[in-house]
Amino acid sequence: MRPGPENEAPPAAGRLYGVGVGPGDPDLVTLKAARLIAAARVIAYPTLAGAPSFARSIVADLIAPGAREIVMDLPMRAERAPAQAVYNEGATRIGAVLSGGGDVVCLCEGDPFFYGSFMYLHARLDPHFEVEVVPGVSSVMAAAARAGVPLAARNERMVVLPGPLPADVLSARIEDAEAVVVMKIGRHLPKIRAVIAELGLIDRAVYIERATLGGERICPLAEAPEPAPYFSMILLKKGGDPWL
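Before going further, it helps to spend a moment on the overall build of the protein. Helices and strands together make up the secondary structure of the protein, namely 7 helices and 10 strands. Projected onto its principal axes, the C-alpha positions of the protein cover 85 × 35 × 35 Å. Taken over 244 residues, the protein has a buried fraction of 45%. Sequence-distant contacts in the protein: of pairs separated by 6 or more residues, those separated by 24 or more amount to 70%. On the protein, roughly 12600 Å² of surface is accessible, and the fraction owed to carbon and sulfur atoms is 55%. For the protein, the separation between the mean place of its 24 positive charges and that of its 27 negative charges on side chains is 1 Å.

Here the focus is the packing of aromatic side chains. The description of an aromatic ring pair uses the distance of the two centres, along with the angle that the planes make with each other. For the structure shown, the criterion picks out 4 aromatic pairs. Taking 4.9 Å as the distance between ring centres and 85° as the angle between the ring planes, the aromatic pair formed by Tyr230 and Phe231 counts as edge-to-face. Overall, the relative accessible area of 61% leaves Tyr230 in the exposed class. Relative accessible area serves as the criterion here: at 29%, Phe231 is assigned to the partly exposed category. Taken together, the ring pairs in this structure connect Phe54, Tyr230 and Phe231 into an aromatic cluster.

A few words on the sheet that holds strand 4 (residues 104-108). Spatially, the 5 strands line up as an open sheet ordered 3-2-4-1-5, and their pairing is parallel. Strands with a single pairing partner mark the edges of an open sheet, and in this sheet they are strand 3 (68-74) and strand 5 (130-134). Going from strand to strand, the sheet's axes swing by 20° on average, the running direction of each strand aside. Along the sheet, helix 1 (residues 31-39) makes contact with strand 1 (15-20), strand 2 (42-48), strand 4 and strand 5, crossing strand 1 at roughly 130°. Here helix 4 (residues 118-125) sits on the sheet and contacts strand 1, strand 3, strand 4 and strand 5; the angle it forms with strand 5, its principal contact strand, is near 160°.

As paired strands, strand 6 (residues 158-162) and strand 7 (residues 179-183) are joined by 5 bridges and run parallel to one another. Across the sheet, residue Val159 finds its bridge partner in strand 7, namely Val180.

Bringing the environment of Arg154 into the picture now. Residue position: Arg154 is located in the loop between helix 5 (139-147) and strand 6. Judged by its relative accessible area of 84%, Arg154 falls in the exposed class. Note: C-alpha distance between Arg154 and Leu199 (45 residues apart in sequence) is 24 Å.

On to the nonpolar core. Of all hydrophobic cores here, the largest spans 34 residues; its most connected members are Ile196, Met233, Ile234 and Leu235. Within the residue set of this core, elements represented by two or more residues are helix 5, helix 6 (167-175), strand 7, helix 7 (189-198), strand 8 (205-209) and strand 10 (232-237). Excluding anything up to four places from it in sequence, Ile234 contacts Val180, Val181, Val182, Ile185, Leu189, Ile192, Ile196, Ala205, Val206 and Leu221. Listed in part, the 21 residues of the second largest apolar core include Leu74, Val104, Leu125 and Phe129.

A few words now on the environment of Arg204. Looking at the element boundaries, Arg204 is found in the loop between helix 7 and strand 8. Placed 31 residues apart in sequence, Arg204 and Leu235 show a C-alpha to C-alpha distance of 8.4 Å.

Conventions and cut-offs
- Residues numbered from 1 in each chain as written.
- Predicted model: local features only at pLDDT ≥ 70, side-chain atom pairs only at ≥ 80, totals over all residues.
- Heavy atoms only, no water.
- Helix = DSSP H or I, 4+ residues; strand = E, 2+ residues; numbered from the N terminus.
- Buried < 20%, exposed > 50% of the residue type's maximum accessible area, 1.4 Å probe, protein only.
- Contact = heavy atoms within 4.5 Å.
- Areas by Shrake-Rupley, 256 points an atom, 1.4 Å probe, with all protein chains shown as cover.
- Lys, Arg positive; Asp, Glu negative; His and termini not counted.
- Charge placed at Lys NZ, Arg CZ, Asp CG, Glu CD.
- Phe/Tyr/Trp six-rings, centres within 6.5 Å; stacked < 30°, edge-to-face > 60°.
- Pairing = 2+ DSSP bridges.
- Axes fitted to C-alpha atoms, helices over the stretch in contact; angles between N-to-C directions.
- Core = buried A, V, L, I, M, F, W, Y, C linked by side-chain atoms within 4.5 Å.

Have a look at this one:
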């Protein structure tokens, strides 16, 4: 007699892939990321305040017709609690697919573990499911390549700083490194530019906006627009010849 459903073993749990899709140029998506995305039956990704997903737009041509999409819409608010609630709900939806034996590919612009949203899902799901992180080309590497400037050599120290840091903290950390990347610029550009100018380094700083994308802009920091858009950064190097 054939055993009934109650005697059947549950399906093996699926695997979660956190896939970096690079800085924007689809040609910079890795072969492994492209293969996983094209084969995925379930795709997950965050959006911001209802806007289209930048990560999805990079790989839209790779997503199979009929693939299920789990969208996690993050509110544009400074408080952490609302966004954490969205990640909780997204992890629950993804976990349900994994528990049922399905794999999920979660898209993340740049690299999943470099200021990537995927790390919040990883923290929630890694203790319970098999998770694989697929690295991607970060915006820092892409910006350096587009500007034609090496980031660090030999024993030089490179530091990556978030723009919202207080001016005194930015100044101290810039002074303590040979090469500096400042991200998350936006409305903080006047403060950051003033700090760099006070350190006498304004002529050694370059501004990059929308690296690898249409509308890309590369110019000396002194000429950068205010406020800067979200996809922008500053590269600064003290030693050697000025970059621009």
